[in-house]
Amino acid sequence: MSIAPEKVGRDEPHHGRNIAIIWAIATAIMVPVIIWVVGPHIPPGSLTDDTRAQHAVDVVLTALSIPLLMLVWVYLGYAVINFRADPASGTIVDGPPLRSNTRIQATWLIVSAVLVVGLAAYGTVDLLTENGAGGGQGSNPLAKPSDARSALQVQVIGQQWLWTFRYPGYGGVETAQLVLPVNREIEFHVTSLDVVHSFWAIELGVKADAVPGADNIAYVKIFRKGSFQVRCDELCGLWHGHMNTTGHIVSGSAFNSWIHATVTKYAAVTKYLPPYSLTYYPIPTRNAT
Amino acid sequence: MESAALPVNRSKGAAPSFLGQLLGFNVIWAVAFAIVGYIVAHWLGGKIGANIAAEQNPGGTDQDDIAILLGLFGSIIGWMLGLGFFNYPLKRMLGRAPSLHEGVDSSTWRYFRLCTDHKVVAMQYLVATLFFFFVAGLNAMFIRTELTSSNATLFPAGNYLTLVGLHGTMMLTMMSAGVIGPLGNWLVPIMIGSRRMAFPRIESLTMWLTVLAGFVLLSATLLGGFPTGWTGYAPLADQARAGIDSYLVSFLLIGIALVLVGINILVTVVTLRAPGMTWNRLPIFVWAMVTTSILAVLAAPVLAAALYMVMSDRSIESTFFISSSGGSPLLWDELFWFFGHPEVYILALPGFGIVLEILPVFARKPLWGYRMAVAGMFGVALMSFMVWQHHLFMSGINANLRPFYMFTTELISIPTGLIFLNGFGTLWKAKIRFTVPMLFCLAFFFNFLIGGLSGVFLSDVTSDVVTHGSFFVMAHFHYTIMGGLVFALMGGIYYWLPKMTGYTINQALGKLHFWTMFIFFNLTFFPLFAAGMLGMPRRVSSYNASLHTLNVFVSIMAFCLGLSMLIFLGNLVWSLVLKRERASDNPWHSKSLEWQIPTPVPSYNFEQIPTITGDPYGYGLPEAPVVDFGRRGAVAAGEAGA
Amino acid sequence: MRVRLLAVAATFAALIALVAVYVVYFLESGPPAVAAVINRDGSASLTLQVVGSYGNHPFPDWVSYLVKDPSGKWRHTTIWKLPAHELVHVTVYQFDSQTGLRNNFLAQVRGTVGGVATYTDVGNTGKGSGLPPYNNTSLSVIPPSEPAHTFTVPDLDLSVPLVGISDSTSNVCAVAPCPMHFAHTTISFSFRTPGAGTYRWQCFVPCAFAFLYGFGGPMQTIGYMDGLLEVA
């Protein structure tokens, strides 16, 4: 084999134009497909205000990623097809010795910077206007819903390996069942008695770490009756994968009758519970005695 | 400078007899001494622990963590003793003359002991990291076996968690050494025109500590396993059984090895470049090693400190991470991810380096935008220290800072994007040859793009509420680490192994390996994005029954991916052991320095320290000079600064 | 060539053997499953004992459950086979001392037939606080300081706190299986099994001595304070 310089052809096709056209067509087809065909099926559905916010963001991000995906795929595909060496020739031909191009680099930098700043601005505004979108906001939430004062408070207590729930508005009664009313703002206070867990109410779009000694607040408003899964989302030991339960969303009146029945049913054990508190520091620390 | 002060012994040292080799310091003694060290230190720790336990805990204690931790540290001392790492410091204290050479001879034994030839160390690294890569991969196969069932436990739940932890920790630790160890140690000195690394003994030490770290981690299976995964969250780590001590010591060893290897590479590149090897001519792979080393040197000490705190919590019952005693579980999260996020770039940057190094060779074009690529790597490296709290978006830690970390996280995509632009610029009007290394490099861009774009979903807090801690994250980082780093590493292995071993690697088997790996990798991990969004948390052994079909499909694809890795292993055995074919000096017609020297590379690398006359990417300029092996000192004064 | 081929084959065989050892001695290592006694009417009887220290290799000071197999022999395992959609009558002989709950909500008896469990103190010198001993007492809640352990199946919403023996008792069993002349509390209750499936159960009392929050070691090891109900 010998190494020869490239013979410069006069009828070189306009590669840049070709790539741009293919990319534009692919993007023009794929973006609407993503938004209107695939988009409605992107999780996590429309059960709550949080899932609606998350779904909207996911559709926007998916649609935005399509031009980038297409750019790379079209370019790679085009290069692989058009910029290949002739394997039959037996000589190794070098390409043109292009080193760099300031204009292209500057354009690339500016475009990606604009995209990034835009994304971050969108993400920030979205996070603040959507009440934190169901994510754990710590003990002093920045993004509160307007009806936070009248919200139903539910404390979620993670422990190895069970979720229990306290309703401070109802004498601090504790249950292992999570029942929530529909169409009412809910304020979760998530904490843990031992190691770090994470409260993930999947269909509600709520996720907040349960950290011992910390109060982690998340908001949600549910629009339809039904049920949802709760799973632990942070590795917490042996039964992490089994630390789940099914929650129920019921009408306001059904919730009232359920909570009053529960208060009555658990009246005796409720007396033994520590007073309702945002965090608990259980003893013993280390030794069973 | 080096050849003047310390003349290289050109004739290969006469190898001692077999018995002499056997009785000398080597890995056999290291294993024996490590076991003895464990036993002695464990006994000592038991004595100490009994007193402490008697004071704090009148009833005695179930787990003798002091004894086990001390035992593991004792095994480190024994291991180093058996390999002979203490000989040189002792000799120097006794007044012997300094020497840069130890254990360098032509016998096979040099691969089983302290050896200061950087090429030997690199081969040791390659075998060791690939061995543990396969062990960790085997664990992944078992994980996928468990996940073929949505609820039944094929393996007892605790063993399953240990599997997950072993897979994650071993992959993360071994792959952070997987490029910088074998390729970094082999290539960096040769690429910069040096005969050695700056600290040859430390180089060997990092390699042997890495090997020990792998086996210490595996010892967790004998100590009851550990339930924490690779992230080792406290206070679960405080609470876990003694297997976590193996995790802690193993990770600590890797942390120390990373710091040492980083310092070694940085000093080597700064001080041992050949005449004419200006910063502008430094191969991009060397830049990748430099930036990786900066990350390792700055990030790994934080990990070591955090690990030390957990050890202290477990052994002497300090309470760094226990909220009811004034500590904080969030402290671990912060410290771990302050290390952990740079760590994932320790796993990404070497991949960038390999790909950008190989791309020009098979595109037959100069690397496009060289300075921008270097700037991109430095940008990634520095910004990786400002994003760690995106791992904690749901933790409730100072949640008002989330927009800031969302911004920095998205900002880091700018320097990462530059790497794509470099690749595309290099491919523009190229003359691509579709060799196996090139295929892996092209696949790198395909995979890493999906990994990067899925990262945007995770960086957006609203979207992250769904995907955080789910299989979406798991698919994301497998796309970046396996689809990125491991694909690049495979490309690098196919590309440089002929030079490193002197034998060609079978291209047909290589192509079979590539296509099966590429297809089954994507079929395995792409569906897991959906699994995560549909509500499958990470590290679970049971999941919602509606995800069963998806998981069975993924498991089958994962098994096929495992078979693809066996093709790779078979190819190595076939090409390097069974059907050897001598490789020529420069089979890829590369202009890079390492291909201009003979194959196999002599132990002194260069007859004379070469003079570098150009960068290694002068494709398209047939006469572009790259290196001058004969004109030592004859460089025009102005050229060195060009 | 032949030598190298043999060497490769030998290495390969050795690696396969190592993997087999790994699977058998580590991955699959766990306690066996023991079937409950099936009664004439199709219901099942499960007889358990809980001991404060197992007293045997490999963890003599770990708390543990044991089960009586159909031949009447005590077996050290926590994986139990039960019939589906049937009543299960559980009798627990509880030999461990009181620890108290971390979450007092677990003092509530849940999910049993009638929502109660029956408690009897045997050979127990009293409750320390001067309370009378339980004698076939049906309770739905017990004082949260009294449990030594709980038997809880979260997926079935079944939970029974198991009252511990008094600290002042001297007649404490140290080596399992414990004969009935040692101080213990007998707890009996019944529950209905669901459809076929595997359900995990565990203890919720922080009873793992010397581990953080009393929840490491035996609390995270199947065969001690965690197990499976294999309902078929």
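Moving on, we get to the interface of chain B and chain C. On the chain C side, the residues contacting the 26 residues of chain B number 25 residues. Counting residues per element, the ones that place at least two in the side of chain B that touches chain C are helix H6 (118–146), helix H7 (157–176), helix H10 (236–239) and helix H22 (548–578) of chain B. A breakdown of the residues in the side of chain B that touches chain C according to their chemical character gives 13 nonpolar, 10 polar and 3 charged.

What follows deals with the sheet that holds strand E9 (residues 206–210) of chain A. All names here are of chain A. Read across the sheet, 5 strands follow the order E6-E12-E11-E8-E9 without closing on themselves; strand pairing throughout is mixed. Among the strands making up the open sheet, the edge pair consists of strand E6 (179–181) and E9. Averaged over all adjacent pairs, the angle separating strand axes in this sheet is 25°, with direction ignored. Sheet topology note: the E6/strand E12 (residues 244–250) ladder contains 3 bridges and is parallel. Counted as the bridge partner of valine 179 is histidine 248 from E12.

Each partner contributes residues to the interface: chain A has 86 residues there, and chain B has 82 residues. Taken together, the elements giving at least two residues each to the side of chain A that touches chain B come down to helix H2 (49–82), strand E2 (92–93), helix H3 (102–129), strand E8 (197–201), E9 and strand E11 (226–232) of chain A. With 14 residues, the single largest contributor to the side of chain A that touches chain B is H2(A). For the side of chain A that touches chain B, the residue count by class is 47 nonpolar, 26 polar and 13 charged.

A word on the environment of B:Gly535. Summarising the element assignment, B:Gly535 is placed in the loop between helix H21 (507–533) and H22. Judged by local crowding, B:Gly535 falls into the buried class, with 24 C-beta atoms found within 10 Å. Put simply, B:Gly535 and B:Leu578 are 43 residues apart on the chain and 48 Å apart in space, counted from C-alpha to C-alpha. Apart from the residues lying within four places of it in its own chain, the contact partners of B:Gly535 are A:Ile202, A:Gln229, A:Arg231 and B:Asn544.

Turning our eyes to something else, we now look at the environment of B:Val627. Counting through the fold element by element, B:Val627 comes out in strand E2 (residues 627–628). Taking the C-alpha atoms as reference, B:Val627 lies 9.5 Å from B:Gly193; in sequence the two are 434 residues apart.

Quick look at the environment of A:Ile81 now. By secondary structure assignment, the location of A:Ile81 is in helix H2. As a C-alpha pair, A:Ile81 and A:His41 span 40 residues in sequence and 34 Å in three-dimensional space.

Following A:Pro43, the chain continues into A:Pro44 via a peptide bond in cis, with omega recorded as 5°. Relative to the helices and strands, A:Pro44 resides in the loop between helix H1 (15–38) and H2. Cis rather than trans, the peptide bond between C:Ala176 and C:Pro177 has omega equal to -5°. Its place among the elements puts C:Pro177 in the loop between strand E11 (158–163) and strand E12 (184–192). Although it is not a glycine, B:Asn398 adopts a positive phi angle of roughly 20°. Mapped onto the elements of the fold, B:Asn398 is located in the loop between helix H15 (370–383) and helix H16 (402–411). The class for B:Asn398 is partly exposed, based on 14 C-beta atoms found within 10 Å. Its identity is not glycine, yet B:Asn605 carries a phi of approximately 65°, on the positive side. As for its placement among the helices and strands, B:Asn605 is situated in the loop between H22 and strand E1 (611–612). Residue B:Asn605 is classed as buried on the basis of its C-beta count, with 22 C-beta atoms lying within 10 Å.

For the rest of this paragraph, the subject is the pairing of strand E6 (residues 79–82) of chain C. The two faces of a sheet get side chains in turn, since along a regular strand they alternate between them. Residue and element names in this part refer to chain C. In terms of strand pairing, strand E1 (residues 33–35) meets E6 through 3 bridges, oriented parallel. Within E6, the residue paired with valine 34 across the bridge is tryptophan 80. Examined bridge by bridge, E6 and strand E14 (residues 226–231) share 4 bridges and lie parallel to one another. Bridge pairing links lysine 81 to glutamate 230 in E14.

A separate point is the domain arrangement of chain C. When cut into domains, chain C gives domain 1 (1–30) and domain 2 (33–231). For domain 1 of chain C and domain 2 of chain C, the distance between their C-alpha centroids amounts to 43 Å.

Residues and elements named next belong to chain B. One way to put it is that helix H20 (residues 471–501) packs onto H21 with a least axis distance of 8 Å and a crossing angle of 165°. Overall, the two elements H20 and H21 adopt an arrangement that is roughly antiparallel. For the pair H20 and H21, the crossing hand works out as left-handed. On the side of H20, the interface is formed by Phe471, Phe472, Val473, Met474, Ala475, His478, Tyr479, Met482, Gly483 and Tyr494, while H21 contributes Gly510, Phe521, Phe525, Leu528, Phe529, Ala531, Gly532 and Met533. Broken down by class, the residue content of the contact of H20 with H21 amounts to 14 nonpolar, 4 polar and no charged.

What follows concerns the nonpolar core. Counting 361 residues, the largest nonpolar core has B:Leu253, B:Val286, B:Ala373, B:Phe440 and B:Phe444 as the members making the most contacts within it. Once residues within four sequence positions are removed from consideration, B:Phe444 is found in contact with B:Gly351, B:Val355, B:Gly484, B:Phe487 and B:Ala488.

What follows covers the domain arrangement of chain A. Interfaces are often described in size by the accessible area the parts lose on coming together. All names here are of chain A. By domain assignment, chain A separates into domain 1 (13–93 + 101–129) and domain 2 (148–272). In this structure, domain 1 and domain 2 have C-alpha centres spaced 40 Å apart. Facing 8 residues of domain 1, the contacting portion of domain 2 comprises 11 residues. For the side of domain 1 that touches domain 2, the per-class residue count stands at 2 nonpolar, 4 polar and 2 charged.

So, how was this worked out
- Residues numbered from 1 in each chain as written.
- Chains lettered and ligands numbered in written order.
- Predicted model: local features only at pLDDT ≥ 70, side-chain atom pairs only at ≥ 80, totals over all residues.
- Contact = placed C-beta atoms within 7 Å.
- Helix = DSSP H or I, 4+ residues; strand = E, 2+ residues; numbered from the N terminus.
- Nonpolar A, V, L, I, M, F, W, Y, C, P; charged D, E, K, R; others polar.
- Pairing = 2+ DSSP bridges.
- Axes fitted to C-alpha atoms, helices over the stretch in contact; angles between N-to-C directions.
- Buried ≥ 20, exposed ≤ 12 C-beta atoms within 10 Å, placed from the backbone.
- Domains from an automatic or database assignment.
- Parallel < 35°, antiparallel > 145°, perpendicular 65-115°, else oblique.
- Left-handed = near helix turned anticlockwise from the far one by under 90°.
- Core = buried A, V, L, I, M, F, W, Y, C linked by C-beta atoms within 7 Å.

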